[in-house]
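# Close look at the chain arrangement
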Amino acid sequence: MHFAYVIAGSEATGGAGIQADLKTFQQLGVYGIGTITCIVSFDPKNDWAHRFVPIDPGVIADQFEAATASQDLDTVKIGMLGTPATIDAVAAALTSQPWRHVVLDPVLICKGQEPGAALNTDNALKAKILPLASVVTPNNFEARALSGLDRLDSVDDLAEAGRRILSHGPAAVVVKGGIDFPGPDAVDVLVRRRPGAAPEVEVLSVPKIGSARVSGAGCTFASAITAELAKGASVSAAVRTAKDFVTRGIAARVSAHTPFDTVWPGA
Ligand code: PXL
């Protein structure tokens, strides 16, 4: 049995967050274990605005203790953290044992949330979690925030953002062009550190499916990478399988009363 661990937020409609992560783990045949960092409950009475409650840092530490005592875990995905206190608790937990892979989905804001709401949280993520990651999966917005580049309009821009984010410590960065990237294709660029050589750049491209955002796609992509790494895949193979997995999940998306359809990890 292979075990994959996720430290992330709960998203109460089931479309994103740890719900999407655990469904993805199950679908890819790994035993999923989860630690909840925060609870997001969209408000249908108020245009589905974000209601956000952080979990007490001591309770995060308790969950981590239970998870890591129950199994020998070496592959973890980090999703939404949400506050500087949560980031401190998760950084302390992560540094308490060695990991083969730490996959970081650097969730800065959720769909529909105000940008710039939590600059101190973004800075803490960059300073304390990013250096512990082995694979990072920023979307277009997050890659601009983490790289300092203003625009990501070409494959070269995505690669340059990846190279800049590599300098913060991770071994690999997958910059997701997503729906904001110009043109008909969903383009992701994998940039990997190589000892004594320039970073290796791999471009993954498939035709875009529709022109609307799908909730949970980023969570599903990063958790699929995590599941594949847990099974022993290389980073490049894990990213390719995850791209295929999330593409199918977007094609089979589930409509909801929320403003966004949600990905179907069971596709
Ligand atoms: O899709 C990003 C995301 C991740 N994690 C949680 C979320 C969201 C977006 O809503 O609520 C918990």
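Before going into details, it helps to say that this report is about the structure given with it. Here the structure is a predicted model, which is why all the values come from computation and not from measurement. (Residues numbered from 1 in each chain as written. Predicted model: local features only at pLDDT ≥ 70, side-chain atom pairs only at ≥ 80, totals over all residues. Heavy atoms only, no water.)

### With respect to the overall build of the protein chain
Going by this rule: Strands are runs of DSSP state E lasting at least two residues, helices are runs of H or I lasting at least four, and both sets are numbered from the N terminus onward. Both definitions apply: the radius of gyration is a C-alpha atom measure, and the globule rule equals 2.2 Å times residues to the power 0.38. Exposure categories follow from relative accessible area, calculated using a 1.4 Å probe and restricted to protein chains: below 20% of the type maximum is buried, above 50% is exposed, and the middle band is partly exposed. Note on definitions: a residue-residue contact is assigned when non-hydrogen atoms from the two residues lie within 4.5 Å.
Secondary structure summary: the protein chain contains eight helices and eleven strands in total. Scaling as 2.2 N^0.38, a compact globule of 267 residues should have a C-alpha radius of gyration of about 18 Å, and the protein chain matches this with 17 Å. Relative to its full complement of 267 residues, the protein chain shows a buried share of 49%. The long-range fraction of contacts in the protein chain, counting pairs at least 24 apart against all pairs at least 6 apart in sequence, stands at 66%.

### Considering the packing of aromatic side chains
Worth spelling out the cut-off: For Phe, Tyr and Trp, rings pair up if their centres lie within 6.5 Å, where Trp contributes its six-membered ring, and each pair is then called stacked (planes under 30 degrees apart), edge-to-face (over 60) or tilted (otherwise).
Per the counting criterion, the structure on display carries four aromatic pairs. Centroid distance Phe-3 to Tyr-31: 5.1 Å. Interplanar angle 55°. Geometry classified as tilted. Linking Phe-3 in strand S1 (residues 3-11) with Tyr-31 in strand S2 (residues 31-40), this pair joins segments that are 28 residues apart in sequence. Using a relative accessible area of 41% as the deciding quantity, one classes Tyr-31 as partly exposed. Here Tyr-5 and Trp-99 contribute two aromatic rings whose centre-to-centre distance is 6.4 Å and whose plane-to-plane angle is 20°, an arrangement assigned as stacked. In this pair, Tyr-5 is assigned in strand S1 and Trp-99 in the loop between helix H3 (84-94) and strand S5 (101-104), connecting sequence segments 94 residues apart. Trp-99 matches Tyr-5 in its accessibility class, with the two residues each being buried. One aromatic cluster is present, formed by Tyr-5, Phe-64 and Trp-99 through successive ring pairs.

### So, the side chain of Asp-43
Here is the rule we go by: Between N or O atoms, a polar contact is any pair within 3.5 Å; within protein, one atom must be a potential hydrogen donor and the other a potential acceptor, and residues adjacent in sequence are included only when both atoms are from side chains.
Tracing the sequence through the fold places Asp-43 in the loop between S2 and strand S3 (52-54). There is a polar contact of 2.9 Å between the side chain of Asp-43 and the backbone nitrogen of Lys-45. Discounting residues that sit within four places of it in the chain, Asp-43 has contacts with Trp-48, Ala-49 and Arg-51.

### A word on the environment of Gly-32
Structurally, Gly-32 can be placed in strand S2. Sequence-wise, Gly-32 and Asp-21 are eleven residues apart; in three dimensions their C-alpha atoms are separated by 8.4 Å.

### Side note on unusual backbone geometry
Positive phi, normally seen in glycine, also occurs at Asp-47, with a value near 60°. Locating Asp-47 in the fold gives a position in the loop between S2 and S3.

### Considering the packing of H3 against helix H4 (residues 119-129)
Just so we agree on the cut-off: Here an axis means a line fitted to C-alpha atoms, over the contact stretch when the element is a helix, while the angle between two N-to-C directions is reported on a 0 to 180 degree scale. For this classification, under 35 degrees means roughly parallel, over 145 means roughly antiparallel, 65 to 115 means roughly perpendicular, and everything else is oblique. It is the rotation of the near helix from the far one that decides the hand of a crossing: anticlockwise by less than a right angle makes it left-handed, clockwise makes it right-handed. All amino acids are sorted into three groups, where Ala, Val, Leu, Ile, Met, Phe, Trp, Tyr, Cys and Pro are nonpolar, Asp, Glu, Lys and Arg are charged, and the leftover types, Gly among them, are polar.
Close contact between H3 and H4 brings their axes to 9 Å; oriented N to C, the two are set at 15°. The pairing of H3 with H4 is recorded here as roughly parallel in orientation. Of the two possible hands of crossing, H3 and H4 adopt the one that is right-handed. Of the residues in H4, those in contact with Pro-84, Ile-87, Asp-88, Val-90 and Ala-91 of H3 are Asn-120, Thr-121, Ala-124, Leu-125, Lys-128 and Ile-129. The residue makeup of the contact of H3 with H4, split by class, is seven nonpolar, two polar and two charged.

### Notes on the sheet that holds S1
We apply this condition: DSSP-based pairing: two strands are paired if at least 2 bridges between them are found.
Read across the open sheet, the nine strands follow the order S3-S2-S1-S4-S5-S6-S7-S8-S9; overall the sheet is mixed. Two strands bound the open sheet, and with one partner strand each, they are S3 and strand S9 (197-207). Note: S1 against strand S4 (residues 75-78), three bridges, orientation parallel. Across the sheet, residue Val-6 finds its bridge partner in S4, namely Lys-77.

### A few points about the pairing of S2
Counted only if it meets this: With the strands aimed away from the viewer, a crossover counts as right-handed if its path from the first strand over the helix to the second runs clockwise.
As judged from the eight bridges shared by S1 and S2, these two strands associate in the parallel manner. Within S2, the position partnered with Tyr-5 by the bridge is Ile-33. A crossover links S1 with its parallel partner S2, the connecting element being helix H1 (residues 17-27), and its sense is right-handed. Note that S2 and S3 share three bridges and pair antiparallel.

### With respect to the nonpolar core
A general feature of soluble globular proteins is that nonpolar side chains tend to end up buried together. Stated formally: Take the buried residues of types Ala, Val, Leu, Ile, Met, Phe, Trp, Tyr and Cys, join any two whose side-chain atoms come within 4.5 Å, and each joined set is a nonpolar core.
If you look at the biggest cluster of nonpolar residues, it comprises 42 residues, and the most contacted ones within it are Tyr-5, Ile-78 and Ile-129. When near neighbours in sequence (up to four residues on either side) are disregarded, Ile-78 contacts Ile-7, Val-90, Leu-94, Val-102, Val-103, Leu-104, Asp-105 and Ile-129.

### So, the packing of helix H2 (residues 57-70) against H3
Across the interface, H2 lies against H3 with an axial gap of 9 Å and an inter-helix angle of 25°. The angle between the axes of H2 and H3 places the two elements in the roughly parallel class. Remark: the crossing between H2 and H3 carries right-handed chirality. Contact residues: H2 offers Pro-57, Ile-60 and Phe-64, while H3 offers Ala-85, Thr-86, Ala-89, Val-90 and Ala-93. Along the lines of polarity and charge, the residues of the contact of H2 with H3 split into seven nonpolar, one polar and no charged.

Shape is all these values report; function is a separate question.
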